[in-house]
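Secondary and tertiary structure notes
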Amino acid sequence: VEKDEGKAIHFLEEAAIGGDPIARNRLGRIEWNIGNTERALKHFIIGAKLGDDDLIKVLMEAFRNGLVSKDDLAAALRAHQAAVDATKSPQREAAEEYYRNKRRR
């Protein structure tokens, strides 16, 4: 099967526009690897604000290296926490507990 990177990027961009944090993560890494640091960091910040835990770690490292401002990091952390809190519910917590216990058996 042939790989069409242009088509893959197109669909990642569509998913990112639709609010998919994993797509933001992947697009950011693609941009980072080709040297578009600023654009990569924008994807990372948006993805972190959507609740991607891995991107918080990426942004913390970028902050340590002077690539992200303190204000941008703080805004991303606040938005990340809000996104995570928005996905919490008693039903989700009960389901997570159920599956954790099921795996232990």
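Structure first, text after, so check above.
All of the points below concern the structure found in this document. (Residues numbered from 1 in each chain as written. Predicted model: local features only at pLDDT ≥ 70, side-chain atom pairs only at ≥ 80, totals over all residues. Heavy atoms only, no water.)

Okay, the packing of helix α3 (residues 37-49) against helix α5 (residues 70-86) next. For the pair α3 and α5, the least separation of the axes is 7 Å and the interaxial angle reads 35°. Where α3 abuts α5, its residues Ile-45, Ala-48 and Lys-49 lie against Asp-72, Ala-75, Ala-76, Ala-79, His-80 and Ala-83. Split into classes, the residues belonging to the contact of α3 with α5 amount to six nonpolar, one polar and two charged. (Axes fitted to C-alpha atoms, helices over the stretch in contact; angles between N-to-C directions. Helix = DSSP H or I, 4+ residues; strand = E, 2+ residues; numbered from the N terminus. Contact = heavy atoms within 4.5 Å. Nonpolar A, V, L, I, M, F, W, Y, C, P; charged D, E, K, R; others polar.)

Once that is clear, we can look at the packing of aromatic side chains. Scanning the entire structure with this criterion turns up two aromatic pairs. With a centroid separation of 6.4 Å and 40° between ring planes, the pair formed by Trp-32 and Phe-44 is classed as tilted. One end of the pair, Trp-32, is in helix α2 (residues 21-33); the other, Phe-44, is in helix α3, with twelve residues separating them in the sequence. Overall, the relative accessible area of 37% leaves Trp-32 in the partly exposed class. The buried category is assigned to Phe-44, whose relative accessible area is 3%. Ring geometry for Tyr-98 against Tyr-99: centres 5.1 Å apart, planes inclined by 80°, an arrangement best described as edge-to-face. (Phe/Tyr/Trp six-rings, centres within 6.5 Å; stacked < 30°, edge-to-face > 60°. Buried < 20%, exposed > 50% of the residue type's maximum accessible area, 1.4 Å probe, protein only.)

For the rest of this paragraph, the subject is the nonpolar core. Counting twelve residues, the largest nonpolar core consists of Ala-40, Leu-41, Phe-44, Ile-45, Ala-48, Leu-55, Ile-56, Leu-59, Ala-62, Val-68, Leu-73 and Ala-76. At the level of elements, α3, α4 (53-64) and α5 are the ones that each hand at least two residues to this core. The element that contributes the greatest number of residues to this core is α3, accounting for five residues. Among all residues touching Ala-48, those that are not within four sequence positions of it are Leu-55, Ile-56, Leu-59, Ala-76 and His-80. (Core = buried A, V, L, I, M, F, W, Y, C linked by side-chain atoms within 4.5 Å.)

The next point concerns α3. Its 13 residues give α3 an end-to-end C-alpha distance of 18 Å, which sits within 8% of 18 Å, the value for a rise of 1.5 Å per residue. Listed as buried for α3 are Ala-40, Leu-41, His-43, Phe-44, Ile-45, Gly-47 and Ala-48. The inward-facing, buried residues of α3 contact α2, α4 and α5. In the segment just after α3, Gly-51 is the residue with positive phi, at about 110°. (Expected span 1.5 Å × (residues − 1).)

The tally for this structure, following the rule as stated, stands at four salt bridges. The partner of Arg-39 in a salt bridge is Glu-31, and the shortest N-O contact between them spans 3.6 Å. Arg-39 sits in the partly exposed class, given a relative accessible area of 46%. Overall, the relative accessible area of 9% leaves Glu-31 in the buried class. (Salt bridge = Lys/Arg side-chain N within 4 Å of Asp/Glu carboxyl O.)

Another aspect to go through is the side chain of Asp-52. By secondary structure assignment, the location of Asp-52 is in the loop between α3 and α4. Despite its burial, Asp-52 remains without a salt bridge, the nearest opposite charge being carried by Arg-29 at 6.6 Å. There is a polar contact of 2.9 Å between the side chain of Asp-52 and the backbone nitrogen of Asp-54. Excluding residues within four positions of it along the chain, Asp-52 makes contact with Pro-21, Ile-22, Asn-25, Gly-47 and His-80. (Lys, Arg positive; Asp, Glu negative; His and termini not counted. Polar contact = N/O pair within 3.5 Å; in protein donor to acceptor, adjacent residues only side chain to side chain.)

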